[in-house]
Amino acid sequence: MPKIELHVHLEGAIGPATLLQLARRRRIALPADTEAGLREWYKFEDFEHFVDIYVTCSECLRDPEDFQLALREFAREQARQNIRYSEVHFTIATHVRQGANGGEVGDAIAESLVDIERELGVRVRLIPDIVRNLEPEWADVTLEWALEHRDRGVVALGMAGIESWPANPFREHFAVAKAEGLHHVAHAGEQRGPGSIREVLEIADPERLGHGIRVVEDRELMARLAERGLPFEVCPTSNVALNNVATFAEHPIGELLDAGVRLSINSDDPAMFSTSLSLEYARVGDTLDLEAGALAGLSMAALDHAFLEREERRRLAAEFQREMVELGEEIYGGSFEVQEPQVTCPG
Ligand SMILES: [Zn+2]
């Protein structure tokens, strides 16, 4: 099925084979020096282990060619899954902090994105993110980099990091992004509850909410955001792996859909959670017992929430619709309709 991905981190999408190549180039020692050994190491254990892998992947990105390699491998995987357009979070500040040259990296990325689109037929755009638990001067670096590269692959400013750290130091950064006409998104309601969502809405005024799942703890807020039509980027496997939700069956995605919240399905850090966007759709479909038409509807919803120009969105929508109907007829026979996902939750 043709798809769109709106919440995935470049650093969290680096798989064992790519990490091995990057580390050899950077002469960084890894816990294993074969792909099979690294595959074992990647197996999810707990939050600390996840952070360990994530940090190692980040450390292996410094020279412009490192980013080009990571982006190309990322785009290959997106193309394999028929993900035609992706908005990818990445933490430029961490890399600059480790000695990367922001300007050179930006040039290399811009060049890569053009090549990727021409050679693989998928479009990739970037969301440099402010990390809440880094000093605010790194947020200055991030904002500046985002503005400098906005016609060369950057579509939005993001905010990620440890949610219990205050968002307030970044109020001005989001005000500037907004004034400059740069899209802006933020993670919230993942590690913390509705209070954190309210804080981020007030400070960053995001156009989409990363995760947002804990909004179900406040019915009034959930109804208000559904009414307003604020899109949520839901990443089910990530939530279960990081223990923000106990099991897949208990994931609130059904409740969100039931309440009329607009949402897309995403993979977050696919390499570290052994997932992919295709798997996320399959799991959501199984858990909520959704028909294929409803899953197709979720894919169309993601397209609707993407920061694409009107013309491009319209072109992709027509293409998706045609491909989905063809696919549906081929697999299920008869007429196939892309539906609005309808969910009725028990209780
Ligand atoms: Zn994320």
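Everything here concerns the structure above.
Residues numbered from 1 in each chain as written. Predicted model: local features only at pLDDT ≥ 70, side-chain atom pairs only at ≥ 80, totals over all residues.

1. Remarks on the overall build of the chain
Let me state the cut-off plainly: Note on conventions: DSSP H or I runs of at least 4 residues are helices, E runs of at least 2 residues are strands, and numbering of each starts at the N terminus. Every radius of gyration here is taken over C-alpha atoms, with the globule rule written as 2.2 Å times N^0.38, N being the number of residues. Burial is judged by counting other C-beta atoms within 10 Å of a residue's own C-beta: 20 or more means buried, 12 or fewer means exposed, and anything between counts as partly exposed, with every C-beta placed from the backbone. We call two residues in contact whenever the C-beta atoms placed from their backbones are within 7 Å.
Secondary structure assignment for the chain yields 15 helices and nine strands. What you see for the chain is a C-alpha radius of gyration of 19 Å, in line with the 20 Å of a compact globule of 347 residues. Principal axes of the C-alpha set define a box for the chain whose edges measure 55 × 45 × 40 Å. Considering the chain as a whole, with its 347 residues, one finds that 46% of them fall into the buried category. Sequence separation of 24 or more characterises 74% of the internal contacts of the chain that already satisfy a separation of 6 or more.

2. Here we look at unusual backbone geometry
Here D205, not a glycine, exhibits a phi torsion of approximately 45°, which is positive. A residue is classified by how many C-beta atoms lie within 10 Å of it, and D205, with 14 of them, is partly exposed. Positive phi, close to 65°, is recorded for N243, a residue that is not glycine. Along the chain, N243 turns up in the loop between α11 (236–241) and α12 (253–258).

3. A look at the nonpolar core
Using the following cut-off: Core membership is restricted to buried Ala, Val, Leu, Ile, Met, Phe, Trp, Tyr and Cys residues, and these are joined into a nonpolar core through C-beta atoms within 7 Å.
Residues L71, F170, V200 and A204 are the most contacted members of the largest nonpolar core, which totals 91 residues. In terms of residue count, the dominant contributor to this core is helix α14 (residues 292–305) (seven residues). Once you skip the residues sitting within four places of it in the chain, L71 turns out to touch I109, S112, I116 and V124.

4. Observations regarding the packing of helix α4 (residues 64–80) against helix α6 (residues 102–120)
What counts here: Every axis corresponds to a line fitted to the C-alpha atoms, with the helix fit spanning only the stretch in contact, and the corresponding angles, defined between N-to-C directions, vary from 0 to 180 degrees. Throughout this description, any angle smaller than 35 degrees is read as roughly parallel, any larger than 145 degrees as roughly antiparallel, any in the 65 to 115 degree range as roughly perpendicular, and the remainder as oblique. Helix crossings fall into two classes, left-handed where the near helix is turned counterclockwise from the far one by less than a right angle and right-handed where it is turned clockwise. Residues are sorted three ways: Asp, Glu, Lys and Arg are charged, Ala, Val, Leu, Ile, Met, Phe, Trp, Tyr, Cys and Pro are nonpolar, and all the rest, Gly among them, are polar.
Contact pair α4 / α6: the axes reach a minimum separation of 9 Å and the direction vectors enclose 30°. One element, α4, and the other, α6, form an angle in the roughly parallel class. Between α4 and α6 lies a crossing of right-handed hand. Facing α4, whose interface residues are P64, F67, Q68, L71, R72, A75, R76 and A79, α6 presents E104, V105, D107, A108, I109, S112, I116 and L120. Its residues assigned to classes, the contact of α4 with α6 comprises ten nonpolar, two polar and four charged.

5. A few points about the sheet that holds strand β1 (residues 3–9)
Under the convention used in this document: Two strands pair under a simple rule: DSSP has to find at least two bridges between them.
Across the sheet, five strands lie side by side as β1-β2-β3-β4-β5; this open sheet has parallel pairing. The outermost strands of the open sheet, each flanked by one partner alone, are β1 and β5 (183–184). Across three bridges, strand β3 (residues 123–131) lies against strand β4 (residues 156–160) in parallel orientation. Opposite V131, over in β4, you have A160 as the bridge partner.

6. Here's the deal with α6
What sets the pattern is the α-helix's 3.6 residues per turn: residues three or four places apart point alike. Rules: Given a helix with a known number of residues, its expected span is that number minus one, times 1.5 Å.
Across its 19 residues, α6 extends 26 Å between first and last C-alpha, which sits within 8% of the 27 Å expected from 1.5 Å per residue. Residues of α6 that are buried sit in contact with α4, α5 (92–97), β3 and α7 (136–148). Positive phi shows up at G121, right after α6, with a value of about 75°.

7. What about the packing of helix α1 (residues 16–26) against α4?
Helix-helix packing is described using two parameters, namely the angle between the two axes and the distance between the axes. Two elements in contact, α1 and α4, have axes whose closest approach is 10 Å; the angle formed by their N-to-C orientations is 170°. One finds that α1 runs roughly antiparallel with respect to α4. In contact with T18, Q21, L22 and R25 of α1, α4 contributes D66, L69, A70 and E73. Class assignment of the residues belonging to the contact of α1 with α4 gives a composition of three nonpolar, two polar and three charged.

8. A short note on helix α13 (residues 277–288)
Test applied: Arc definition: it is the arc formed by the directions from the helix axis to the C-beta atoms.
Between its first and last C-alpha atoms α13 spans 16 Å; for twelve residues at 1.5 Å apiece the expected length is 16 Å, and the two agree. Among the residues of α13, those classed as buried are L277, E280, Y281, V284 and L288. Angular distribution of buried residues about the axis of α13 spans 100°; they occupy a single face of the element. If you follow the buried residues of α13, they end up packed against β1, β2 (83–90), α11, α12, β9 (263–265) and α14. After α13 finishes, the residue D289 shows a positive phi value of roughly 55°.

9. Here we look at the pairing of β1
A large share of β1 lies buried, amounting to seven of its seven residues. Here β1 runs beside β2; their pairing, made up of five bridges, is parallel. Bridge pairing links K3 to I83 in β2.

10. Regarding the pairing of β2
The element β2 is extensively covered by neighbouring structure, given that seven of its eight residues are classed as buried. By the bridge criterion, six bridges tie β2 to β3 in an arrangement that is parallel. Residue S86 lies in a different strand from β3, and its bridge partner there is V124.

11. Quick word on the sheet that holds strand β8 (residues 232–234)
Spatially, the four strands line up as an open sheet ordered β6-β7-β8-β9, and their pairing is parallel. Sheet topology places β6 (186–188) and β9 at the edges, where each strand pairs with a single neighbour. This sheet shows a mean twist of 30° between the axes of neighbouring strands, independent of strand direction. Here β6 runs beside strand β7 (residues 209–211); their pairing, made up of three bridges, is parallel. Along β7, the bridge assignment pairs A188 with H211.

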